[in-house]
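Here's the letter readout for the chains.
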Amino acid sequence: MNEIKSVNLHVTDACNYHCKFCFSSGRNCSGPGTIGINRWKEIIADLIIDKGIEKINFVGGEPIMYPHLDGLLSYSKSMGAVTSVVTNGSLVDKGFFVRNCGIVDWLGLSVDSTDDYTEVMLGRHSKGCRHLENVRTASALAHDFGVKLKLNITVNRQCYFEDFSGLIRELDPDRVKFMQLSRIAGINDRAYSQLSLTNASFEEFRKRHSGIVLSNGSVPVFETEDDISNSYLMIDKSGHIRLDGPNGYSFKEYDAYWNGDSGFKVDSGKYIKRGGIYEWNTERKGIDDGGQ
């Protein structure tokens with residue numbers, strides 16, 4: 001029985017940002033090619049029907065740059081999955097929500113500082129944009145359309161001294177995940193050497209933010225580097241399973257992963273321990289019903 005109930009589909013490695021510590025680029029794919037929408041649909045159907053996957057996260061790169069994203073979201077929803085898009089927010093506009101109204105359940109926004117200058121220094125920007133302004137706009141639209149909001153915050157040396165409680169109150173997310181910056185060998189080694197935190201520093205950060213309670217009554221999740229390692233089920237743009245380990249990413253053809261060596265598997269114990277399964281089916285109350 002598959003204990004993993006959610007999956008990250010890295011539908012593209014294209015991105016309009018240049019985050020220094022990013023672990024998603026052409027170097028972390030099993031091949032240069034990208035599978036077509038029909039193959040993605042085959043994989044999605046298999047994940048939901050045969051593998052027990054309940055929630056599908058569309059990630060990148062920047063997933064909104066993937067030309068068939070709307071089609072895959074619609075297909076996933078029609079198959080009964082909870083759908084999520086994890087984005088930097090810069091390309092999120094009202095049109096995205098109008099096109100995908102009733103189809104997108106969660107919007108995940110990546111934000112790593114309460115200060116725009118720090119975001120620029122970290123590479124989380126593109127020409128002419130202000131990242132936090134984009135995040136605020138995308139958050140407001142998510143609330144307006146009744147889409148649940150999640151914040152993914154990568155805690156690193158540039159921001160670990162900041163207080164995120166005010167920004168969290170302002171954006172009013174349904175879930176917050178604080179993640180210790182992780183090293184992926186051969187991908188972000190240089191940035192990791194410059195920006196990584198000790199476990200003690202991450203624990204200090206956790207203690208300072210441990211009193212945060214979201215408006216829905218939940219509390220933030222804190223994932224250490226060890227919690228993250230090998231605890232995510234990921235599929236790269238070429239349709240292969242991707243696992244991370246001490247020597248970087250390893251890949252296996254999709255069908256071979258499910259039928260092959262049991263040693264090449266996501267660590268389900270870590271997955272469950274870090275809160276990989278949560279109340280993702282809970283509906284957010286929209287602005288027209290009082291927001292109760």
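Calculation criteria
Residues numbered from 1 in each chain as written. Predicted model: local features only at pLDDT ≥ 70, side-chain atom pairs only at ≥ 80, totals over all residues. Heavy atoms only, no water. Helix = DSSP H or I, 4+ residues; strand = E, 2+ residues; numbered from the N terminus. Rg over C-alpha atoms; globule rule 2.2 N^0.38 Å. Buried < 20%, exposed > 50% of the residue type's maximum accessible area, 1.4 Å probe, protein only. Areas by Shrake-Rupley, 256 points an atom, 1.4 Å probe, with all protein chains shown as cover. Lys, Arg positive; Asp, Glu negative; His and termini not counted. Charge placed at Lys NZ, Arg CZ, Asp CG, Glu CD. Phe/Tyr/Trp six-rings, centres within 6.5 Å; stacked < 30°, edge-to-face > 60°. Lys NZ or Arg CZ within 6 Å of the ring centre and 35° of its normal. Pairing = 2+ DSSP bridges. Contact = heavy atoms within 4.5 Å. Axes fitted to C-alpha atoms, helices over the stretch in contact; angles between N-to-C directions. Right-handed = clockwise from strand over helix to strand, strands pointing away. Salt bridge = Lys/Arg side-chain N within 4 Å of Asp/Glu carboxyl O.

## Some thoughts on the overall build of the chain
Then comes step 1: Helix and strand counts for the chain come out as 11 helices and 10 strands.
Then comes step 2: Scaling as 2.2 N^0.38, a compact globule of 292 residues should have a C-alpha radius of gyration of about 19 Å, and the chain matches this with 18 Å.
Then comes step 3: Taken along its principal axes, the extent of the C-alpha atoms in the chain is 45 × 45 × 35 Å.
Then comes step 4: Out of the 292 residues in the chain, the part that is buried amounts to 55%.
Then comes step 5: Carbon and sulfur atoms form 50% of the exposed surface of the chain, whose accessible area is close to 13000 Å².
Then comes step 6: Within the chain, one finds 34 positive and 38 negative side-chain charges whose respective centroids are separated by 2 Å.

## Notes on the packing of aromatic side chains
Then comes step 1: Counted under the stated rule, the structure contains 14 aromatic pairs.
Then comes step 2: For the pair Tyr278 and Trp280, a centre-to-centre distance of 5.3 Å together with 80° between the ring planes defines the contact as edge-to-face. Note on accessibility: Tyr278 and Trp280 belong to one class, buried.
Then comes step 3: Members of the aromatic cluster, each reached through a chain of ring pairs, are Phe164, Phe178, Phe202, Phe205 and Phe222.
Then comes step 4: In this structure, Arg175 packs its charged tip against the face of Tyr278, placed 3.7 Å from the ring centre.

## Quick look at the sheet that holds strand E6 (residues 175–180)
Then comes step 1: Ordered by their spatial adjacency, 10 strands build an open sheet running E7-E6-E5-E4-E3-E2-E1-E8-E9-E10, and the pairing between neighbours is mixed. Each edge of the open sheet is held by one strand with a lone partner, namely strand E7 (221–223) and strand E10 (248–253).
Then comes step 2: Here strand E2 (residues 55–59) runs beside strand E3 (residues 82–87); their pairing, made up of 4 bridges, is parallel. Looking at E3, one finds that Phe58 is bridged to Val85.
Then comes step 3: Those strands touched by helix H1 (residues 37–49) are strand E1 (6–10), E2, strand E8 (234–235) and E10, and its axis lies near 170° from that of E1.
Then comes step 4: Across the face of the sheet, helix H8 (residues 199–208) comes into contact with strand E5 (148–155), E6 and E7 while running at roughly 160° to E6.

## Notes on the pairing of E6
Then comes step 1: Judged by how many residues are buried, E6 sits mostly within the fold: 6 of 6 residues are covered.
Then comes step 2: Burial along E6 is two-sided: the residues Arg175, Lys177 and Met179 and Val176, Phe178 and Gln180 are all buried.
Then comes step 3: Each parallel crossover has a hand, and the one from E5 via helix H6 (residues 165–171) to E6 is right-handed.
Then comes step 4: Two elements, E6 and E7, share 3 bridges in a ladder whose sense is parallel. Along E7, the bridge assignment pairs Lys177 with Val221.

## Description of the pattern of salt bridges
Then comes step 1: For the coordinates displayed, the defined rule picks out 14 salt bridges.
Then comes step 2: The salt bridge partner of Lys237 is Asp13, with a shortest N-O separation of 3.0 Å. Highlighted residues: Lys237 in the loop between E8 and strand E9 (240–245) and Asp13 in the loop between E1 and H1, separated in sequence by 224 residues.
Then comes step 3: Judged by relative accessible area, which is 10%, Lys237 ranks as buried.
Then comes step 4: For Arg136, the salt bridge identified is with Glu170, shortest N-O distance 2.6 Å. Residue Arg136 is located in helix H5 (residues 131–144), and its partner Glu170 is located in helix H6; the two are separated by 34 residues in the primary sequence.

## What to know about the pairing of strand E4 (residues 106–110)
Then comes step 1: With 5 of 5 residues buried, E4 is to be regarded as a mostly interior element.
Then comes step 2: Read from E3 through helix H3 (residues 94–99) to E4, the crossover connection turns out right-handed.
Then comes step 3: Strand direction decides the pairing type here: E4 and E5, joined by 5 bridges, are parallel. Across the sheet, the residue bridging to Ser110 is Asn152, located in E5.

## Some words on unusual backbone geometry
Glycine aside, the phi torsion of most residues is negative, and most peptide linkages are trans.
Then comes step 1: In this structure, Gly61 follows Gly60 across a cis peptide bond, with omega equal to 10°.
Then comes step 2: With respect to the helices and strands, the residue Gly61 is situated in the loop between E2 and helix H2 (69–78).
Then comes step 3: The phi dihedral of Asp172 falls on the positive side, at around 55°, and the residue is not glycine.
Then comes step 4: Of note, Asp172 is situated in the loop between H6 and E6.
Then comes step 5: A residue is classified by how much of its surface remains accessible, and Asp172, at 25% relative accessible area, is partly exposed.
Then comes step 6: One non-glycine residue, Asn230, lies in the positive phi region at around 60°.
Then comes step 7: Relative to the helices and strands, Asn230 resides in the loop between helix H9 (225–228) and E8.

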